[in-house]
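One letter stands for each residue in the lines below.
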Amino acid sequence: MLIKFYYYFYHVPYFNLQDSLNFFSKLTFKRVNNAAKVWLSYQFSKLLKKPIQWGYPISISFEPTTSCNLRCPECPSGLREFTRPTGMLQKSFFEKTIDDIYKEITYLIFYFQGEPYLNPNFLEMVSYANKKGIYTATSTNAHYLNEEKAKQTVLSGLDRLIISIDGTTQDVYQQYRVGGKLDKVIEGARNIVKWKKELNSKTPFIFFQFLVVKPNEHQIEEVKKLAKEVGVDQVRFKTAQVYDFENDPNQLIPTNNKYSRYKKDTNGKMQSKSGLQNHCWRLWSGNVLTWDGLVVPCCFDKDAMHQLGNLNNQSFKEVWNNNNYKQFRQELMTSRKNIDICSNCSEGLKIWED
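Each value, and the rule that gives it
Residues numbered from 1 in each chain as written. Predicted model: local features only at pLDDT ≥ 70, side-chain atom pairs only at ≥ 80, totals over all residues. Heavy atoms only, no water. Patch = residues over 30% accessible without salt bridge, like charges linked within 9 Å, V, L, I, M, F, W, Y side chains within 5 Å. Areas by Shrake-Rupley, 256 points an atom, 1.4 Å probe, with all protein chains shown as cover. Salt bridge = Lys/Arg side-chain N within 4 Å of Asp/Glu carboxyl O. Helix = DSSP H or I, 4+ residues; strand = E, 2+ residues; numbered from the N terminus. Buried < 20%, exposed > 50% of the residue type's maximum accessible area, 1.4 Å probe, protein only. Disulfide = S-S within 2.5 Å. Lys, Arg positive; Asp, Glu negative; His and termini not counted. Polar contact = N/O pair within 3.5 Å; in protein donor to acceptor, adjacent residues only side chain to side chain. Contact = heavy atoms within 4.5 Å. pLDDT = per-residue confidence, 0-100. Axes fitted to C-alpha atoms, helices over the stretch in contact; angles between N-to-C directions. Parallel < 35°, antiparallel > 145°, perpendicular 65-115°, else oblique. Left-handed = near helix turned anticlockwise from the far one by under 90°. Nonpolar A, V, L, I, M, F, W, Y, C, P; charged D, E, K, R; others polar. Core = buried A, V, L, I, M, F, W, Y, C linked by side-chain atoms within 4.5 Å. Phe/Tyr/Trp six-rings, centres within 6.5 Å; stacked < 30°, edge-to-face > 60°. Lys NZ or Arg CZ within 6 Å of the ring centre and 35° of its normal. Expected span 1.5 Å × (residues − 1). Arc of directions from axis to C-beta. Pairing = 2+ DSSP bridges.

Q: So, a nonpolar patch on the surface: which residues are in play, and what are the values?
A: Judged by side-chain polarity, Trp39, Leu40, Phe44, Leu47, Leu48 and Trp54 come together as a nonpolar surface patch covering roughly 580 Å² of accessible area. Tracing the sequence through the fold places leucine 40 in helix H3 (residues 29-48). Assessed through its relative accessible area of 37%, leucine 40 is described here as partly exposed.

Following this line, the structure appears as structure tokens:
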């Protein structure tokens, strides 16, 4: 059962002994019990077609910052299109929240929008969560992984590091990672690999994440070779979210349907592959916390339009069971197609990985 949880929750495509042992070392009776409650309540909710919620989140995403150094064309942070304020997660606020929920949660993602390493206290927060026995992960564009930051990252106890690398040549990479430098990404990855060896550390487990889009789909085999050369642990291929997928103005949807989040219907109109069944595991298993304490349903609510609570006014556990959450779960189970953030959801889609 625990192995099923490992694969189901954390999108691990194959059994990596060291990463698996590291993950299972974080489990306690209380965390396993909480995960079982959440899973059972989700199954009963689907069966009875009404929301039942037992336990607390298994995983949460905490946003270190909304700031970013790049200008990616499908990212509100990169495009500077947020209506919500830009800012930095405060260490004291983070620690207070973690103190409230660390006994139940197993997995903490330091990412929502923005580049985590722009927050000067980011690695201190990772270290704090690590000391609480939580499995920690982050996603970065790797432009700030110089020698010192790479060393600090390894020392922080970070369990998983996802490095976005969406091309193997500068001309291709910069078509999506606008303003980025591929050589900085590769240098940052090499620094992490180096310091893992220097410090004889088994963590972090390093991913190269390749967002497959039309400009880079011809470089899939090349990025596998690059990853092997650099020494990262795994390459992961991910489907790209396109906001206006019916028109695809930036020409990002790949020609190979295998790597696309979208498909054409019988009328030739582009639609999401996932479909919209009236249930969603994300609403039972986790949530997303913005840098300033807003609680939103999931990572698809990038502008925090569906605010389910505010940690400045309520505790995390109070928010999890408040009326806003109950109403949102009810709406999801009766008319999910009417919830705007669900139109681009990848729930139920297999992330294609190697």
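Q: Can you tell me about the state of the cysteines, naming the residues and giving the values?
A: All told, the structure shown has zero disulfides when counted by the stated rule. Cysteine 299 takes part in no disulfide bond, and the closest cysteine sulfur, belonging to cysteine 298, lies 5.3 Å away. Given the relative accessible area of 30%, cysteine 299 is considered partly exposed.

Q: Talk me through the side chain of aspartate 303; I want residue IDs and the actual numbers.
A: Note on placement: aspartate 303 falls in the loop between strand E10 (294-296) and strand E11 (309-310). Here aspartate 303 is buried and forms no salt bridge, its nearest opposite-charge partner arginine 84 lying at an N-O distance of 4.2 Å. Side-chain polar atoms of aspartate 303 contact the side chain of threonine 83, separated by 2.7 Å. Those residues in contact with aspartate 303 that sit more than four places away from it in its chain are Glu81, Phe82, Thr83 and Arg84.

Q: Which residues make up the confidence of the model for the chain, and what values go with them?
A: Taken as a whole, the chain shows an average pLDDT of 89; of its residues, 92% reach a score of 70 or greater. Within the model, the stretch residues 1-14 combines pLDDT values under 50 with 36 contacts to residues more than four positions away or in other chains.

Q: Can you explain the packing of helix H6 (residues 122-131) against helix H7 (residues 147-156)? Please cite residues and give values.
A: The N-to-C vectors of H6 and H7 enclose an angle of 15°; their axes lie 9 Å apart at closest approach. The angle between H6 and H7 falls in the class roughly parallel. The handedness of the crossing between H6 and H7 comes out as left-handed. Residues Leu123, Val126, Ser127 and Asn130 of H6 form the contact with H7, whose participating residues are Lys149, Gln152, Thr153 and Ser156. Taken together, the residues of the contact of H6 with H7 break down into two nonpolar, five polar and one charged.

Q: Mind laying out the nonpolar core, listing which residues take part and the relevant values?
A: One finds Ile60, Phe94, Leu108, Ile163 and Phe208 to be the most contacted residues of the largest nonpolar core, which totals 86 residues. When residues of this core are assigned to their parent elements, the largest contribution, seven residues, is made by helix H9 (residues 182-198). When residues no more than four places from it in sequence are discounted, the contact partners of isoleucine 163 are Thr140, Ala142, Leu145, Val185, Ala189, Ile206, Phe207, Phe208 and Gln209. Counting five residues, the second-largest nonpolar core is a separate cluster that includes Val288, Leu294, Val296 and Ala304.

Q: Break down the packing of aromatic side chains for me, with residues and values.
A: If you walk through the whole model with that rule in mind, you get 15 aromatic pairs. Connected via pairs of aromatic rings, a cluster forms that spans Phe62, Phe93, Phe94, Phe110, Tyr117 and Phe122. The ring of phenylalanine 207 has arginine 236 sitting right over it, with the charged end atom 4.8 Å from the ring centre. Directly above the aromatic system of tryptophan 320 lies the positively charged group of arginine 329, at a separation of 4.7 Å from the ring centroid.

Q: Account for helix H13 (residues 323-335), naming residues and giving values.
A: With 13 residues, H13 ought to run about 18 Å at 1.5 Å a step, and its terminal C-alpha atoms sit 18 Å apart, in line with that. Taken residue by residue, H13 has Tyr325, Phe328, Arg329, Leu332 and Met333 as its buried positions. Across the axial projection of H13, the buried residues extend over an arc of 130°, all falling on one side. Capping the start of H13 is the job of one residue whose side-chain oxygen sits 3.1 Å from the backbone nitrogen of asparagine 324: asparagine 322.

Q: Hey, could you go over the sheet that holds E11 for me, with residue numbers and the actual values?
A: Reading across the sheet, the nine strands line up as E6-E5-E4-E3-E2-E1-E9-E10-E11 and stay open at both edges, with mixed pairing between neighbours. Whereas interior strands pair on both sides, the edge strands pair on one side only; in this sheet they are strand E6 (234-239) and E11. Together, strand E1 (59-62), strand E2 (107-110) and strand E9 (286-289) form the strand contacts of helix H5 (residues 91-101), whose direction differs from that of E1 by roughly 175°.

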